[in-house]
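Remarks on the overall topology
Okay, here's what each chain looks like letter by letter:
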Amino acid sequence: LALALAPGARRWAVVTGASLLGVAVLLRLQNGLFCVGLLAILGGRRDGRRCAEAAVTLLAWAVVFGLLDKLTWGDWFHSAFVYLRFNLIQHGAEQWGTASFPYYFRVLVSSLGVLAVLLAAEAVAAAPRARGLLAVCAAFVLLHAWTAHKEYRFILPVMPVLCALA
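This one's a predicted model, so the numbers in the text were calculated from it and none came from an experiment.

A few words on the environment of leucine 58. Relative to the helices and strands, leucine 58 is located in helix 4 (residues 48-73). Each C-alpha atom of the pair leucine 58 and glycine 32 lies 9.7 Å from the other, and the pair is 26 residues apart in sequence.

Structure (structure tokens):
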């Protein structure tokens, strides 16, 4: 995100940043939220050239994802469809435990103490300069808080972005 969203970012930076996000999605599907956020922020800036560069790069990574599944599982995007069906329709992950909506907020405060409160306050204070990035972070945390099965590690990808905002 830092490479692709830097003011005046050159094509190589946008492509590299979007590519790193593409790899992140290969590792964990939920990181796709950052890809959507990148395109939304660039679109909100009315930066059509960089938005198109990022979109084409992310599309190329989506093809890699689909092709990898085609070669290994026999169908395009098979792993993503199975994962989404298991988690969102069948609620299969709930067999490993569930937690209430405020779980992540409680765990962040218990693990970081006052630093969690300071981090949140400083990230929110960045809103006038980085509204879009703050919205991406909020969406990432809130969507994870909304799901029943929670593990602290699920929200760790958003922590560097929150630190950058702070």
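Before going further, it helps to spend a moment on the pattern of salt bridges. Scanning the entire structure with this criterion turns up four salt bridges. Arginine 11 is the partner of glutamate 53 in a salt bridge, and the nearest nitrogen-oxygen pair spans 3.1 Å. Here arginine 11 lies in helix 2 (residues 11-27) and glutamate 53 lies in helix 4, a separation of 42 residues in the sequence. On the basis of relative accessibility, which here comes to 10%, the residue glutamate 53 falls in the buried class.

What follows is about the packing of helix 3 (residues 32-44) against helix 8 (residues 127-146). Interhelical geometry of helix 3 versus helix 8 gives an angle of 155° and a closest axis separation of 10 Å. Judged by the inter-axis angle, helix 3 sits roughly antiparallel to helix 8. For the crossing formed where helix 3 meets helix 8, the hand is right-handed. Residues Leu33, Phe34, Gly37 and Ile41 of helix 3 lie in contact with helix 8, whose contacting residues are Gly132, Leu133, Val136, Phe140, Leu143 and His144. Looking at the contact of helix 3 with helix 8 residue by residue, the classes come out as seven nonpolar, three polar and no charged.

So, how was this worked out
Residues numbered from 1 in each chain as written. Predicted model: local features only at pLDDT ≥ 70, side-chain atom pairs only at ≥ 80, totals over all residues. Heavy atoms only, no water. Helix = DSSP H or I, 4+ residues; strand = E, 2+ residues; numbered from the N terminus. Salt bridge = Lys/Arg side-chain N within 4 Å of Asp/Glu carboxyl O. Buried < 20%, exposed > 50% of the residue type's maximum accessible area, 1.4 Å probe, protein only. Axes fitted to C-alpha atoms, helices over the stretch in contact; angles between N-to-C directions. Parallel < 35°, antiparallel > 145°, perpendicular 65-115°, else oblique. Left-handed = near helix turned anticlockwise from the far one by under 90°. Contact = heavy atoms within 4.5 Å. Nonpolar A, V, L, I, M, F, W, Y, C, P; charged D, E, K, R; others polar.

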